[in-house]
Amino acid sequence: EAGVVQSPRYKIIEKKQPVAFWCNPISGHNTLYWYLQNLGQGPELLIRYENEEAVDDSQLPKDRFSAERLKGVDSTLKIQPAELGDSAVYLCASSLGRGGGQFFGPGTRLTVL
Amino acid sequence: AQSVAQPEDQVNVAEGNPLTVKCTYSVSGNPYLFWYVQYPNRGLQFLLKYITGDNLVKGSYGFEAEFNKSQTSFHLKKPSALVSDSALYFCAVRDRVGGKLIFGQGTELSVKP
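A brief structural summary. (Residues numbered from 1 in each chain as written. Chains lettered and ligands numbered in written order. Predicted model: local features only at pLDDT ≥ 70, side-chain atom pairs only at ≥ 80, totals over all residues. Heavy atoms only, no water.)

For the rest of this paragraph, the subject is the pattern of salt bridges. The tally for this structure, following the rule as stated, stands at seven salt bridges over all chains. Its salt-bridge partner being Glu50 of chain A, residue Arg48 of chain A comes within 2.4 Å of it at the nearest N-O pair. Here Glu66 of chain B ties to Lys77 of chain B by a salt bridge, and the two come within 3.3 Å at their closest N and O atoms. Placement of the pair is Glu66 of chain B in strand 8 (residues 64–68) and Lys77 of chain B in strand 9 (residues 73–78), with a sequence separation of eleven residues. On the basis of relative accessibility, which here comes to 27%, the residue Lys77 of chain B falls in the partly exposed class. The structure contains a network of salt bridges with shared partners spanning Arg64, Glu83 and Asp86 of chain A. (Salt bridge = Lys/Arg side-chain N within 4 Å of Asp/Glu carboxyl O. Helix = DSSP H or I, 4+ residues; strand = E, 2+ residues; numbered from the N terminus. Buried < 20%, exposed > 50% of the residue type's maximum accessible area, 1.4 Å probe, protein only.)

Structure, rendered in structure tokens:
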């Protein structure tokens, strides 16, 4: 069974440019999470989806970040415009319901120059 | 607010010796506790969890963790460390309302031959 798939694995952009990350969760997992992991720290939740509905986006900086999960399967996280401080690893995870174990993808490492 | 703390940034162990990676938690009510491992350039991998029941939880790769309610701790242990256990270890507590994971800052485990 395939795990959580994320692309790209690495992205280097200049500040003020837009960037998008894609995540395909494990088949059948209706709950999807986007986490931000800064260097030397644990991941922090950005947004959680139950199917296509964003049920917890309190930590998402909505002035520049947006996310969507239109059909309740794969999801895209976007930053526009990117800032130097956005350099981090963006992790996607999925679970079978909010109480299920969370399985993480390999992450996208973003570098903003 | 729920939180976990990992008091050691780094733990060094000789191969074959027992290892302990410490974690303490602060939650209201009964905690749902997890340990994840992260290898370089890879996503987080689930090791084990405590929901209820026996205080000693066994997980993947020979790891186990002991839940201690009086000390509010959930230390990760392994009787005999391997060089391949060298990685970054995260303790986490699951928010009982929203389901998100709240991570500690991580502990770098280094196992030397």
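The next point concerns the packing of aromatic side chains. Evaluated as defined, the whole model comprises 16 aromatic pairs over all chains. Where Tyr35 of chain A meets Phe104 of chain A, the ring centres are 5.4 Å apart and the plane angle is 45°; that geometry is what we call tilted. One end of the pair, Tyr35 of chain A, is in strand 4 (residues 31–37); the other, Phe104 of chain A, is in strand 10 (residues 103–104), with 69 residues separating them in the sequence. Residue Tyr35 of chain A is classed as buried on the basis of its relative accessible area of 0%. With a centroid separation of 6.5 Å and 65° between ring planes, the pair formed by Phe34 of chain B and Phe46 of chain B is classed as edge-to-face. Of this pair, Phe34 of chain B sits in strand 5 (residues 33–38) while Phe46 of chain B sits in strand 6 (residues 44–50), placing them twelve residues apart in sequence. For Phe34 of chain B, a relative accessible area of 2% gives the class buried. (Phe/Tyr/Trp six-rings, centres within 6.5 Å; stacked < 30°, edge-to-face > 60°.)

Turning next to the sheet that holds strand 3 (residues 19–24) of chain A. All names here are of chain A. Pairing within the open sheet is antiparallel, and its four strands lie in the order 1-3-8-7. With partners counted over all chains shown, the strands left at the sheet margins are strand 1 (5–7) and strand 7 (65–68), one partner each. Averaged over all adjacent pairs, the angle separating strand axes in this sheet is 15°, with direction ignored. Pairing of strand 3 with strand 8 (residues 75–79), which is carried by five bridges, proceeds in the antiparallel orientation. When the bridges of strand 8 are listed, Val19 appears paired with Ile79. (Pairing = 2+ DSSP bridges. Axes fitted to C-alpha atoms, helices over the stretch in contact; angles between N-to-C directions.)

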